[in-house]
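Coordinate inspection notes
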Amino acid sequence: MSNDARTDGGTASATDTGASAGALAGIDGYRVLLYLGLLGMLTFFLIPIESGLVTSFKTSSGVSGSLPFAPPTGSTFTLEKWQSAFDALGRGLINSALYAIPATVISALLGSFAAYGITQSDWKQKYKAPVLALFVAGIFIPYQAVLVPLSQFWSMVSLQDWLGFVWALGINDDYAGVVELIVTHVAYGLPICTVLFRSYYKNMSEEMIEAARLDGASIRRIYRRIVLPLSGPMFAVVLIYQFTQIWNDLLFTLVLVQTESSAAAPIVLILAGLGTSLEGQDFALRMAGAFIAALPTLAVYIAFGEEFAEGVAT
Amino acid sequence: MTQNTDTGDDSGDALPDGGVAEDGQRSGFSPISALNERFGSDFVESSQFWLPPFLLVGLFVYGAIIWNLLISLTDFTGFGTPDYGDLDLEMYGRALADSGFIDAAINTFILLVGFTLVTLALGLGLAILIDRNIRFENTFRTIYLLPMSLSFVVTAQFWAWMFNFNNGVINIVITSLGFGRVDWIGNPDIVLWAVMFALMWQFAGYAMVVFLAGLRAIPNEHYEAAKVDGASTVRMYWRVIIPQLKGSTISASVVLMVFALKAFDFLYSLVGGYRPPNGADILATKMVREAYANLNWAYASAVAITLFLMTLGIVGPYLYYQYNRGNL
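Position numbers for residues start from 1 in each chain and track the written sequence from start to end. Each chain takes a letter, starting from A, and each ligand takes a number, starting from 1, following the order in which they are written. Local features are withheld for residues below a pLDDT of 70 in this predicted model, meaning they are given only at 70 or higher, and side-chain atom pairs are given and counted only at 80 or more; totals for whole chains, interfaces and linings count all residues.

Describing the overall build of chain A
Quick note on the threshold: Labels follow the DSSP assignment, with helices taken as runs of H or I lasting at least four residues and strands as runs of E lasting at least two, numbered in each case from the N terminus. The burial criterion counts other C-beta atoms lying within 10 Å of a residue's C-beta, which is placed from the backbone; the residue is buried at 20 or more, exposed at 12 or fewer, and partly exposed between these limits. A pair of residues counts as a contact when their C-beta atoms, built from backbone coordinates, are within 7 Å of each other.
Scanning chain A from terminus to terminus reveals 16 helices and two strands. A burial count over chain A gives 46% of its 314 residues as buried. Considering only residue pairs separated by 6 or more positions, chain A has 71% of its internal contacts joining residues 24 or more positions apart.

Focus on the overall build of chain B
When helices and strands are tallied, chain B shows 15 helices and zero strands. Overall, chain B is about 85 × 65 × 30 Å in size when its C-alpha atoms are taken along their principal axes. A separation threshold of at least 6 residues defines the contact pool for chain B, and within that pool the share at least 24 residues apart is 60%.

Side note on the domain arrangement of chain A
Residues and elements named next belong to chain A. Heads up, the condition is: Where each domain begins and ends follows an automated or database-derived domain assignment. Classes in brief: Ala, Val, Leu, Ile, Met, Phe, Trp, Tyr, Cys and Pro nonpolar; Asp, Glu, Lys and Arg charged; the others, Gly included, polar.
Annotation of chain A at the domain level lists domain 1 (2-65) and domain 2 (80-313). Contributing elements (two or more residues each) for the side of domain 1 that touches domain 2: α2 (20-56) and α3 (60-65). Among the residues forming the side of domain 1 that touches domain 2, the class breakdown is two nonpolar, four polar and one charged.

Here's the deal with the interface of chain A and chain B
Contact residues are listed per partner, giving 90 residues for chain A and 87 residues for chain B. Here the side of chain A that touches chain B is built from residues that sort into 62 nonpolar, 23 polar and five charged.

Focus on the environment of S262 of chain A
Residue and element names in this part refer to chain A. Here S262 shows up in the loop between α13 (251-256) and α14 (267-272). For the pair S262 and R220, spaced 42 residues apart in sequence, the C-alpha separation works out to 43 Å. If we ignore the near neighbours within four places in the chain, the residues touching S262 are D174, G177 and V257.

Topic: the packing of helix α4 (residues 80-119) of chain A against helix α9 (residues 176-202) of chain A
Residues and elements named next belong to chain A. Operational definition: Axis angles are defined between N-to-C directions and span 0 to 180 degrees, where every axis is a line fitted to C-alpha atoms and, for a helix, only to the segment in contact. Angle categories are assigned with fixed cut-offs, so that under 35 degrees is roughly parallel, over 145 is roughly antiparallel, 65 to 115 is roughly perpendicular, and the rest are oblique. The crossing is said to be left-handed when, going from far helix to near helix, the turn is anticlockwise and less than a right angle, and right-handed when the turn is clockwise.
Interaxial distance between α4 and α9 falls to 6 Å at its minimum, and their mutual angle equals 40°. If you check the angle between α4 and α9, you find them oblique. Where α4 crosses over α9, the handedness of that crossing is right-handed. A per-class count over the contact of α4 with α9 returns 20 nonpolar, eight polar and two charged.

Here we look at unusual backbone geometry
The backbone phi angle of Q258 of chain A is positive, close to 75°, even though this residue is not glycine. Take Q258 of chain A: it is sitting in the loop between α13 and α14. Of note in this structure, F136 of chain B is not a glycine but carries a positive phi near 55°. With respect to the helices, strands and loops of the structure, F136 of chain B is situated in the loop between α5 (99-130) and α6 (137-145).

Quick notes on helix α5 (residues 125-140) of chain A
Our working rule: Expected span of a helix, by definition, is 1.5 Å for each gap between consecutive residues, and there is one gap fewer than residues.
Taking 1.5 Å of rise per residue, the 16 residues of α5 of chain A would be expected to cover 22 Å, and the 23 Å separating its terminal C-alpha atoms lies within 8% of that figure. All of the buried residues in α5 of chain A are K128, L132, F135, V136, G138, I139 and F140 of chain A. On its buried face, α5 of chain A is in contact with α4 and α9 of chain A together with α3 (43-72), α12 (246-261) and α15 (297-324) of chain B.

Some remarks on the nonpolar core
Residue and element names in this part refer to chain B. Which entries qualify depends on this criterion: Put simply, a nonpolar core is buried Ala, Val, Leu, Ile, Met, Phe, Trp, Tyr and Cys residues tied into one set by C-beta atoms within 7 Å.
If you look at the biggest cluster of nonpolar residues, it comprises 186 residues, and the most contacted ones within it are A207 and M208. Considering each element in turn, this core owes the most residues, 19 residues, to helix α9 (residues 191-216). When residues no more than four places from it in sequence are discounted, the contact partners of M208 are G123, L126, A127, I130, Y144 and L145. In this structure, A34, L35, F43 and V44 belong to the second largest nonpolar core, which totals five residues.

Regarding the confidence of the model for chain B
Convention followed: In predicted models, pLDDT denotes the confidence assigned by the predictor to each residue on a 0 to 100 scale.
Of all residues in chain B, 91% attain a pLDDT of 70 or more, and the chain-wide mean is 83. Complex prediction metrics read pTM 0.84 and ipTM 0.84.

Concerning the confidence of the model for chain A
Overall, the predicted model of chain A reaches an average pLDDT of 83, with 90% of residues at or above 70. Predicted confidence is poor over residues 1-21 of chain A, with pLDDT under 50, and the contacts of this stretch with residues over four places away or in other chains come to 21 contacts.

Some words on the environment of N171 of chain B
All names here are of chain B. Along the chain, the position of N171 falls in helix α8 (residues 169-176). Taking the C-beta count within 10 Å as the criterion, N171 has 21 such neighbours and is therefore assigned buried. Taking the C-alpha atoms as reference, N171 lies 37 Å from L215; in sequence the two are 44 residues apart. Ignoring sequence-local partners within four residues, the contact set of N171 consists of F165, R181 and V182.

Observations regarding helix α14 (residues 283-293) of chain B
For α14 of chain B, the buried fraction is high: nine of the eleven residues fall into the buried class. Those residues of α14 of chain B lying buried are L283, A284, T285, K286, M287, V288, R289, E290 and A291 of chain B. Next to the buried residues of α14 of chain B lie α6 (144-156) of chain A together with α5, α12, α13 (264-271) and α15 of chain B. Phi turns positive, to about 60°, at L295 of chain B, one or two residues after α14 of chain B.

Here we look at the packing of α4 of chain A against α3 of chain B
Running from N to C, α4 of chain A and α3 of chain B cross one another at 125°; their axes reach a closest spacing of 7 Å. In terms of axis orientation, α4 of chain A runs oblique to α3 of chain B. As for the relative orientation of α4 of chain A and α3 of chain B, their crossing is left-handed in sense. Packed against α4 of chain A, whose contacting residues are L110, G111, F113, A114, Y116, G117 and I118 of chain A, the element α3 of chain B presents S46, S47, F49, W50, P53 and F54 of chain B at the interface.

A closer look at the environment of L254 of chain A
Residues and elements named next belong to chain A. Here L254 shows up in helix α13. On the basis of neighbour count, L254 is assigned to the buried category, with 22 C-beta atoms found within 10 Å. A C-alpha to C-alpha distance of 9.1 Å links L254 and A265, two positions eleven residues apart in sequence.

Here is the structure:
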């Protein structure tokens, strides 16, 4: 909206000298260039995806015999690669959802708790600052710096033994890896969730909270009755951001689940080794697999693009 | 006041002191009110909200880093448990003597600087294009940011195909322009730049979003004033607008640099294994390979500490800068 106003203002001041026809012609040429640039960049961002998509529908001879961005013709079209990719990745799709969804919800809730406790309550700023600084710094930690201790920790805290009653129900004990992934992703996702919620709570109107406090409401009650119901928009941002991050992460799955042959192997882990063998690379299969793995995050992105942009920009 | 710090359990001694020093009022002789007087009136009650997450982060992030530092001082390899009785800096000496480590450190640095610069430049260009009051603004923005929603594992598949020697899009384009085919992934001198290009494709949209927010925060009068002064569009951006994007540039750079340090997922997926293409090994990939392929746990921890210090060197000043501006 503000954008419209500015450009209108700009053209008005440029044209009031009277040379409106000349200025318009100039603007047209400039506009053409502008849109050419925009479309050029559009091609740049879409071509890898487009090339992957058409390739995923080609037979092996179609892949080697046609241009990589040309759609398959009648004889080189096949759905076979999508079928085999789905056979290989289907269980990974479920496994990924098993940890990505709980971890997303828990980390968003805990992040909201932490941000509320730090932002909306009354304790001294000089003690809040270091607590907050540790949360903020936690966003930037390279996970490599905690991997070896993490492996050590999960070999000491052996869920495989502790959750014996779950495996007794007939569930494969590889699924201990899924529980480990939930806890791990919650712990490392908390810093960013906390910071996102904090930026939101900082700008929240304080009048209602002040009034509730004067009425003697407890901190817990204020959260449940006022802050949580108002947090909806930020929950959308955080849930979308976290889901994308957790679904897309490979490193923790590699360390905690380790092999793609595990019953609990997440989709990214299976995809990383898909279509590469000693005989060569099956690119059509890899592309089909890539799209299946990307489908959930793509769907979330297309449905909630605004919230996603807000999450990454903060 | 100073005695109060660690006497949470021992309210009898602590309170009279604290009470007198604060305001002479005490609500009761309990450790809770002692803590509240020390830290602020809601400290204890609000801790049910922030303390459990704080402890979780403290344990998994900061506890783990300290533990990692300890392991890097041992000689832990293979199976079993580390021996913490014998601590020395041997692993760091080994790293300095390891040409693979030096190469990985240099590659990490090149990737860090190169990737950040090109991504910032492209992101700024995109943001300016988008900000020129165009039609279909949302569509363009959505597509530019789209790769950011994809996993490194997914984009690595796309780019392995784009860079394919025989039939990849990039080689098709450059042969049609009259150049020879290039072995993007196989040539150790080129592969790092190819990886940088692919990562730029994935993250330029992120830089665009940050810059766009910065551009929209600049008051319209600045554009109008430049127009009135008769400055050309290029000159207006260069002299008036871009200098005001300092904050956006700093935030975007820090995030991009941290992403570059973590580019492990992409390199692993490009080849489907721990050993990235020759010439593209970075500290992140070397660390994971040493630990999980070679079981050199202590050595991997030392590499990880190096990586951590590099991150600290970038993030530390940034946090200090944000703190001084009152953004923390």
